Number of protein chains: 2
Amino acid sequence: MNRPLSRPDAAGAIAALGSLLGDRASTATAIRDHHARDESHHAAHLPDIVVFPETIEEIAEIARIATLHRIALVPFGAGTGLEGGAIPAFGGISIDSSRLDRILEIRPDDMIARVEAGVRRQTLNATLRDTGLFFPVDPGADASIGGMVGTGASGTNAVRFGVMRENVLGLTVVTADGKVIRTGGLARKSSAGYDLTRLFVGSEGTLGIVAEVTLRLHPIPDATSAVAGFPTLAAAVATVTDIKRAGIPIGRVELVDDSLVAVIERHSPLGLDALPTLYFEFHGTPHEISAISETVEEIVADHGGTNFRWMRGAEETRKFWETRRLALAWAKQERPASVSWPSDVCVPISKLAEVILATKADIATSSVPAHIVGHVGDGNFHCVFMLDPANPAEEAEVARLNDRIVARAIAAGGTSTGEHGVGLGKRAWIETEHGADALEVMRAVKAALDPFGLLNPGKIFPALPEDDQTDHPSPTSIRGNIPPCV
Amino acid sequence: MNRPLSRPDAAGAIAALGSLLGDRASTATAIRDHHARDESHHAAHLPDIVVFPETIEEIAEIARIATLHRIALVPFGAGTGLEGGAIPAFGGISIDSSRLDRILEIRPDDMIARVEAGVRRQTLNATLRDTGLFFPVDPGADASIGGMVGTGASGTNAVRFGVMRENVLGLTVVTADGKVIRTGGLARKSSAGYDLTRLFVGSEGTLGIVAEVTLRLHPIPDATSAVAGFPTLAAAVATVTDIKRAGIPIGRVELVDDSLVAVIERHSPLGLDALPTLYFEFHGTPHEISAISETVEEIVADHGGTNFRWMRGAEETRKFWETRRLALAWAKQERPASVSWPSDVCVPISKLAEVILATKADIATSSVPAHIVGHVGDGNFHCVFMLDPANPAEEAEVARLNDRIVARAIAAGGTSTGEHGVGLGKRAWIETEHGADALEVMRAVKAALDPFGLLNPGKIFPALPEDDQTDHPSPTSIRGNIPPCV
């Protein structure tokens, strides 16, 4: 079920899609090429055709055409993925959601929005601004909501508001055979049968095509930010643990390692020492912040934190967080023509310090520069390598170190991917992480919902021996990517 | 797939289970009778045998025996369910988790506990007390954690901490064919493949037998409670909406209708007027509470709230919440020999006031007394009828009104069950709520994981025409139940 049946009838599908969609079905090379890649280091692979549906009914008809012609169907959102989830590894139809960009309904009293899959998260939040509400999941990139559903995205403020699974109330999904189903609903909770919503969230388009999404919204919080440096990574992590256990309403807490702090100081100086550093955001009115500030400062001091500083005012806060957002891009600039390869493991917080320390030791042995940033409130961190794509030895080295990072995370009870998804990059680890029997259950679910294996084949599941191997990136095929938002 | 294959070999299964478990496999009438029922109004149905496994390996062997002999396998936790989920509607094996009662691991820094399925939630919280952490999901009853997983439980403080789906990090599950799989893990988030954890949560034992559960814990909050009466139900609900949209950290908010306030005042007077009343709990230090108190009091006053009062001290707070907990038991006492039948719908909050008002109008037409309580922060409420089990006309009347309540909730975009599960009682509504095609996807998942239909047959899915109908309660078979904790 990991691949489409043999001999897809691409020509038949292309003809049928042209009849259905006219110039919204394209085989132009430039358009196919744009849909052959995402922002990851994974090798591009061209789809046979790209389609731009505007309605659910069109998606359903596209799915029926794919089934009739036994051709792969691969959803494409904003193309901001970091593990190759949208790359049509077996060719076929790339189904682009950019024309499904309507915000269908905003219900302020219910704190709910219903959107089409192609709506970008920043567009949604701009539209919501006057309501005092926002959609909190923030993977950095201006991803499409449908793509974020597929990947099971999260980001810096998941520690406060949860990940996509906690913020998607319902979906409209087109099944492999072209049926339209609605999962979940407008109620904030339900015990009515199987939770299909959360089965589709994170399924990377392998179980159905997401057409509409019902989202939970949250009141825009009052927020105050702060920063501190720590003598060791362990001290920084221990600070996070203590703040969380004290029940302090933390909105974000981001670890930036010493080498990346040095990059920031070279590009947009904040006066930080080159130490493991925490970027904090706390939620509450100024009155509430003043009520917690003493406790926060005590915990930071207990762990040897220095240079602790509250940000004052909107402009200082904006500039402060901008350094976090741009730091990896600056690091990439410092190595011209490099491409970035981010790991994405998540471990229990009690293991986070030792896992990060071991990762730092790995970096120290590497000829490829790398930096660590982490959504440490969740135990999630990224070790981001900046490698020379012209040097196969560097790719081999990064692949080796990335494998060590993933193996270490799984051994610590963690996961190979906290928020980027399995895509092409973590397939080799999925059995190690979940075990053969759990993987078999996933395969059974996949076979039940996609019996012909047409939905985003080659993703999530490890390649079977008989699979076509064309989806494996070759060492020389890494593209010059843009820096990932992680 | 809604029922076991014909001709289960009960005798063969009983012999094999006796060999495996000795006196922990029982066909004694008293024990079978105890496992024939839960706390709902649904008709009892005897299992053929009750087993008390002590290890996962025993559960796996029991599953293999059930499969070999094509006999139903039905999990039984604390027996506190309210929709018949644990009733062996087709006989077979009742698998009792009471000897799977070990708290396996508490990881305070990770804010995680790992427990066997039979651990009761109050036992867990008593064990956790010294850590400053607790497991927040509180359905009222001292349910087993495994049962709460099966039902997808929630309760009064879900508005703050979420429901079971948000608080279960991972599971160990025995599949129908006796394999042991582990889902999720110790990381607080993951995007590594299908979310099997949340597929099993709320699946009511129809996809696998839950053996172990990894839970998220939370810091025990500082809390302050308050109460106010409102001129109308709509004013009470509007107050909740405004408090939530203001981002005030609400821990619980419970609606108690005027008739139930009158009951409370007859049994444990709080000096409340017989008005729609909100019981509040806010989270924060005394300093933080003082920072929000003015806003709360203003919102309450804006909606005509009267008799607003902050609870002072632990004893007053304890007694206050005890009235909420015992109110329905007192109401039941006021009608001797009655049994209770709670509805359990959940609707978008913008529809809550009109749906509750229509329900009040239904109650006014009914000869059966009923009261409304609601976890209104989530849009979830219960209309609890106290009916005379000796009077079939009353059961018919309640069934008719319950149907109206469910139909109204679904029409409002809500759900037939916010937290009690489908069990036997909501099967007739599942297709109306989700649609035929989504139900077909659920059936496909069920068939993939339980091809012989042995796991808790007769639950969740509507009965098929060819099904044995013995699981339908007859009007005269209602048992004298104890009052539900809702």
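Residues numbered from 1 in each chain as written. Chains lettered and ligands numbered in written order. Predicted model: local features only at pLDDT ≥ 70, side-chain atom pairs only at ≥ 80, totals over all residues. Heavy atoms only, no water.

Caption draft 1: Representation of the overall build of chain A. Along the backbone of chain A there are 16 helices and 19 strands. In terms of overall size, chain A behaves like a compact globule, its C-alpha atoms giving a radius of gyration of 22 Å where 486 residues would be expected to give roughly 23 Å. Expressed as lengths along the three principal axes of its C-alpha atoms, the size of chain A is roughly 65 × 55 × 40 Å. Scored against the burial criterion, the 486 residues of chain A give a buried share of 62%. (Helix = DSSP H or I, 4+ residues; strand = E, 2+ residues; numbered from the N terminus. Rg over C-alpha atoms; globule rule 2.2 N^0.38 Å. Buried < 20%, exposed > 50% of the residue type's maximum accessible area, 1.4 Å probe, protein only.)

Caption draft 2: Broad picture of the pairing of strand β10 (residues 209-216) of chain B. Residue and element names in this part refer to chain B. Within β10, 8 of the 8 residues are buried, leaving the element largely enclosed by the surrounding structure. Of the strand pairs in this sheet, strand β8 (residues 168-174) and β10 are connected by 6 bridges, and their pairing is antiparallel. Within the sheet, the bridge partner assigned to Thr172 lies in β10 and is Glu212. (Pairing = 2+ DSSP bridges.)

Caption draft 3: Spotlight on the sheet that holds strand β1 (residues 25-26) of chain B. All names here are of chain B. Strand order across the open sheet formed by 4 strands is β1-β2-β4-β3, with mixed pairing between neighbours. The open sheet terminates on both sides in strands that have one partner only, identified here as β1 and β3 (73-76). As paired elements, β1 and strand β2 (residues 49-51) share 2 bridges and run antiparallel to each other. Residue pairing for β2: Ala25 is matched across the bridge by Val51. Packed onto the sheet, helix α3 (residues 56-69) meets β2, β3 and β4 (93-96) and runs at close to 170 degrees relative to β4. (Contact = heavy atoms within 4.5 Å. Axes fitted to C-alpha atoms, helices over the stretch in contact; angles between N-to-C directions.)

Caption draft 4: Broad picture of the interface of chain A and chain B. Each side of the interface is counted separately: chain A has 82 residues, and chain B has 82 residues. Between chain A and chain B lies a buried interface of about 6,400 Å² when both sides are counted; carbon and sulfur atoms form 59% of it. Among the residues of chain A in contact with chain B, Lys189, Tyr194 and Arg245 of chain A are the three that bury the most area, contributing 15% of the side total. Inspection of the region where chain A meets chain B yields 8 salt bridges. A salt bridge links Asp195 of chain A to Arg165 of chain B; the nearest nitrogen and oxygen atoms lie 2.7 Å apart. For the side of chain A that touches chain B, the elements supplying multiple residues, two or more each, are α7 (164-167), β9 (180-184), α8 (196-200), α9 (233-245), α11 (286-302), α13 (349-365), α15 (430-434) and α16 (436-449) of chain A. Counting residues per element, the side of chain A that touches chain B draws most heavily on α16 of chain A, which supplies 9 residues. When its residues are assigned to classes, the side of chain A that touches chain B shows 32 nonpolar, 29 polar and 21 charged. (Buried area = accessible area lost by both parts, 1.4 Å probe. Salt bridge = Lys/Arg side-chain N within 4 Å of Asp/Glu carboxyl O. Nonpolar A, V, L, I, M, F, W, Y, C, P; charged D, E, K, R; others polar.)

Caption draft 5: Spotlight on the packing of helix α13 (residues 349-365) of chain B against helix α14 (residues 392-411) of chain B. All names here are of chain B. It is at 10 Å that the axes of α13 and α14 come closest, and there the two elements cross at 165 degrees. In terms of orientation, α13 lies roughly antiparallel with respect to α14. Where α13 crosses over α14, the two elements pack in a sense that is right-handed. Contacts between α13 and α14 involve Val355, Ala358, Thr359, Asp362 and Thr365 from the first element and Glu397, Leu401, Arg404, Ile405 and Arg408 from the second. Of the residues in the contact of α13 with α14, the class split is 4 nonpolar, 2 polar and 4 charged. (Parallel < 35°, antiparallel > 145°, perpendicular 65-115°, else oblique. Left-handed = near helix turned anticlockwise from the far one by under 90°.)

Caption draft 6: Local environment of the sheet that holds strand β9 (residues 180-184) of chain B. All names here are of chain B. Spatially, 5 strands are ordered β5-β6-β10-β8-β9 in an open sheet, and the strand pairing comes out antiparallel. Each having just a single partner strand, β5 (103-107) and β9 make up the two edges of the open sheet. Each neighbouring strand pair of the sheet contributes to a mean axis angle of 10 degrees, computed without reference to strand direction. By the bridge criterion, 5 bridges tie β8 to β9 in an arrangement that is antiparallel. In the sheet register, Val174 faces β9, and the bridge partner there is Val180. The strands that helix α4 (residues 121-128) touches are β5, β6 (112-116) and β10; relative to β5, the one it contacts most, it runs at about 45 degrees.

Caption draft 7: Local environment of helix α12 (residues 313-333) of chain B. Residues and elements named next belong to chain B. For α12, spanning 21 residues, the distance from its first C-alpha to its last is 30 Å, which sits close to the expected 30 Å at 1.5 Å a residue. Along α12, the sharpest change in direction is near 50 degrees and occurs at Leu326. The set of residues buried in α12 consists of Phe320, Trp321, Thr323, Arg324, Ala327, Leu328, Trp330, Ala331 and Lys332. (Expected span 1.5 Å × (residues − 1). Bend = angle between axes of the 7 residues up to and from the residue.)

Caption draft 8: Structural context of the side chain of Asp96 of chain B. All names here are of chain B. Inspection of the secondary structure assignment puts Asp96 in strand β4. In this structure, Asp96 is buried with no salt-bridge partner, the nearest side chain bearing the opposite charge being Arg99 at 7.1 Å. Engagement of the side chain of Asp96 in a polar contact is seen with the side chain of His35, the distance being 2.5 Å. Residues in contact with Asp96, not counting those within four places in the same chain, are His35, Val50, Val51, Phe52, Pro53 and Phe76. (Lys, Arg positive; Asp, Glu negative; His and termini not counted. Polar contact = N/O pair within 3.5 Å; in protein donor to acceptor, adjacent residues only side chain to side chain.)

Caption draft 9: How the structure looks around the packing of aromatic side chains. Under the defined criterion, the tally for this structure stands at 16 aromatic pairs over all chains. Arranged with centres 5.6 Å apart and planes meeting at 80 degrees, the rings of Tyr194 of chain A and Phe461 of chain B form a pair that is edge-to-face. Here Tyr194 of chain A is found in the loop between β9 and α8, whereas its partner Phe461 of chain B is found in the segment after α16 (436-449) on a different chain. In this pair, the class of Tyr194 of chain A matches that of Phe461 of chain B, namely buried. Aromatic pair Phe134 of chain B and Phe161 of chain B: ring centres 5.4 Å apart, planes at 85 degrees, arrangement edge-to-face. Taken as a pair, Phe134 of chain B in strand β7 (residues 133-134) and Phe161 of chain B in helix α6 (residues 158-161) lie far apart in primary sequence, 27 residues in all. A relative accessible area of 15% places Phe134 of chain B in the buried class. (Phe/Tyr/Trp six-rings, centres within 6.5 Å; stacked < 30°, edge-to-face > 60°.)

Caption draft 10: Structural detail: unusual backbone geometry. One non-glycine residue, Ala337 of chain A, adopts positive backbone phi at about 70 degrees. Residues other than glycine seldom take positive phi values, yet Glu204 of chain B does so here, at roughly 55 degrees.

Caption draft 11: Main features of the relation of the copies chain A and chain B. Rotating chain A by 180 degrees about the axis while translating it 0.0 Å along that axis superimposes it on chain B, leaving an RMSD of 0.0 Å. What the rotation and shift describe, once combined, is the action of a two-fold rotation axis. With an isologous cut-off of 70% or more, the 100% of interface residues of chain A that recur at the interface of chain B puts this contact in the isologous class. (Least-squares fit on C-alpha atoms with pLDDT ≥ 70 in both.)

Caption draft 12: Summary view of the environment of Thr417 of chain A. Residue and element names in this part refer to chain A. Locating Thr417 in the fold gives a position in the loop between α14 (392-411) and α15. For the pair Thr417 and Gly22, spaced 395 residues apart in sequence, the C-alpha to C-alpha distance is 39 Å. A distance of 2.9 Å separates the side chain of Thr417 from the backbone nitrogen of Gly421, its partner in a polar contact.

Caption draft 13: Layout of the packing of helix α1 (residues 10-21) of chain B against α3 of chain B. Residues and elements named next belong to chain B. At a minimum axis distance of 9 Å, the contact between α1 and α3 shows a crossing angle of 160 degrees. With respect to each other, α1 and α3 are oriented roughly antiparallel. As α1 runs across α3, the sense of the crossing is right-handed. Listed contacts from α3 to Gly12, Ala13, Ala16, Leu17, Leu20 and Leu21 of α1 are Glu58, Glu61, Ile62, Ile65 and His69. In terms of residue class, the contact of α1 with α3 is made up of 7 nonpolar, 2 polar and 2 charged.

Caption draft 14: Quick look at the pairing of strand β18 (residues 370-375) of chain A. All names here are of chain A. Of all 6 residues in β18, 6 are buried, a share of seventy percent or more. Residues Ala370, Ile372 and Gly374 line one face of β18 and the alternating positions His371, Val373 and His375 line the opposite face, and both faces are buried. Pairing analysis gives 2 bridges linking strand β13 (residues 250-256) to β18, with the strands arranged antiparallel. When the bridges of β18 are listed, Leu255 appears paired with Gly374.

Caption draft 15: α9 of chain A, seen in detail. End to end, α9 of chain A covers 19 Å across 13 residues, agreeing with the expected 18 Å (1.5 Å per residue, within 8%). Every buried residue of α9 of chain A is listed here: Leu233, Ala235, Ala236, Val237, Thr239, Val240, Thr241, Ile243 and Lys244 of chain A. Residues of α9 of chain A that are buried make contact with α6 (158-161), β13, β14 (277-283), α11 and α13 of chain A together with β11 (218-219) of chain B. Where α9 of chain A terminates, the next one or two residues include Gly247 of chain A, which has phi positive at roughly 75 degrees.

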